[in-house]
Amino acid sequence: MAFGRLERPDAARPMSDINMTPLIDVMLVLLVIFMITAPLMTASLRLDLPKSEAATPSDAPSFVAVAITPDGKLHLGDDELDAKAFQQRIDELGRANAQMEVQLRADRAVPYGQVAELIGWVQAAGLNRIAFVAQAPASAP
């Protein structure tokens, strides 16, 4: 006589492992996004530049013209100044009117470091509205 088992057969057990592949894929995508955007968020120069593609003069009622020549000479308006005198004058202008716009003209041959140092002096004086003056392209004949 055959007796049947009173025990039930083993049913399929629930899966207790987590599939890590989708989580790793999402993590790698986020890593790439953060690697690309992190340098953009750490920009040290805060510039208020116009949104227009055309090089047009600004309609700012109060501005000061700053220029740097290829040989490193600084000009504030029409006056040629050395670095120390330039810093003193720009500090005075910043204390007088912090909303004044600085129109920066830098020759193409001026090294980037000198332009960045000049921008630093202007921002240290409290003048944050800096416009880069460019020459409009010549129209084709």
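Scroll up a little and you will see the structure.
Summary of the structure given here. This is a predicted model, so every value here is computed, not measured.

For the rest of this paragraph, the subject is the overall build of the protein. A count of helices and strands for the protein gives three helices and five strands. Across the protein, helices and strands are ordered from the amino to the carboxyl terminus as α-β-β-β-α-β-α-β. Burial status across the protein gives 18% buried among its 141 residues. Across the protein, the fraction of contacts at a sequence separation of at least 24, relative to all contacts at a separation of at least 6, is 71%. Accessible area of the protein: about 11400 Å², with a carbon and sulfur share of 59%.

On the surface, a nonpolar cluster with roughly 810 Å² of combined accessible area is contributed by Ile18, Met20, Leu23, Ile24, Met27, Leu28, Leu31 and Met35. Turning to its location among the elements, Leu23 is positioned in helix α1 (residues 21-41).

A word on the side chain of Glu101. Of note, Glu101 is situated in strand β4 (residues 101-106). A polar contact of 3.2 Å, which involves the side chain of Glu101, links it to the side chain of Gln103.

Burial of strand β1 (residues 63-68) is one-sided: the residues Val64, Val66 and Ile68 facing one way are buried, the residues Phe63, Ala65 and Ala67 facing the other way are not. Where β1 and β4 come together, six bridges link them in parallel fashion. Looking across to β4, one finds that Ala65 is bridged to Gln103. Bridge analysis of β1 against strand β2 (residues 74-76) gives three bridges, and the strand direction is antiparallel. The residue of β2 that forms the bridge with Val66 is Leu76. Turn length for the β1-β2 hairpin, with the two strands adjacent in sequence and antiparallel, is five residues, and the turn residue Gly72 shows positive phi of about 90°.

Here we come to helix α3 (residues 112-124). In this model α3 runs 18 Å from its N-terminal to its C-terminal C-alpha over 13 residues, within 8% of the 18 Å that 1.5 Å per residue would give. For α3, the full list of buried residues reads Val115, Leu118, Ile119, Trp121 and Val122. Down the axis of α3, the smallest arc covering the buried residues is 155°, so these residues share one side. The outward face of α3, more than 90 degrees from its buried face, is lined by the exposed residues Tyr112 and Ala124. Of the surrounding elements, those touching the buried residues of α3 are β1, β2, α2 (83-96), β4 and β5 (129-132).

Our next topic: the pattern of salt bridges. Overall, the coordinates contain four salt bridges when judged by the stated rule. The residue Asp71 makes a salt bridge to Lys73 at a minimum N-O spacing of 3.8 Å. Of the residues examined, Asp71 reaches a relative accessible area of 53% and is grouped as exposed. Ionic pairing is found between Lys73 and Glu80, a salt bridge with its closest N-O pair at 4.0 Å. According to the relative accessible area criterion, Lys73 is partly exposed, its value standing at 39%. The network of salt bridges with shared partners includes Asp71, Lys73 and Glu80.

Definitions and cut-offs
- Starting from 1, residues in each chain are numbered consecutively following that chain's sequence as written.
- Totals for whole chains, interfaces and linings use every residue, but because this is a predicted model, local features are given only for residues with pLDDT of at least 70 and side-chain atom pairs only at 80 or more, for both listing and counting.
- Side-chain measures here rest on the full set of heavy atoms in the structure, leaving out hydrogens and waters.
- Strands are runs of DSSP state E lasting at least 2 residues, helices are runs of H or I lasting at least 4, and numbering of each runs from the N terminus.
- The classification of residues rests on relative accessible area computed with a 1.4 Å probe and restricted to protein chains. Under 20% of the type maximum is buried, over 50% is exposed, and intermediate values are partly exposed.
- A contact between two residues is defined here by any heavy atoms of the two lying within 4.5 Å.
- Under the convention used here, a 1.4 Å probe and the Shrake-Rupley method define accessible areas, while residue burial counts only the protein chains that appear.
- Excluding any residue in a salt bridge, patches collect residues exceeding 30% relative accessible area, merging like charges within 9 Å and nonpolar Val, Leu, Ile, Met, Phe, Trp and Tyr side chains within 5 Å.
- Whenever a carboxyl oxygen of Asp or Glu lies within 4 Å of a side-chain nitrogen of Lys or Arg, that contact is scored as a salt bridge.
- Here a polar contact is taken to be a pair of N or O atoms separated by no more than 3.5 Å, where protein atoms must pair a possible hydrogen donor with a possible acceptor and residues adjacent in sequence count only if both atoms sit in side chains.
- Whether two strands pair comes down to DSSP finding at least two bridges between them.
- For a helix, the expected span equals 1.5 Å multiplied by the residue count minus one.
- As used here, the arc belongs to the directions running from the helix axis to the C-beta atoms.

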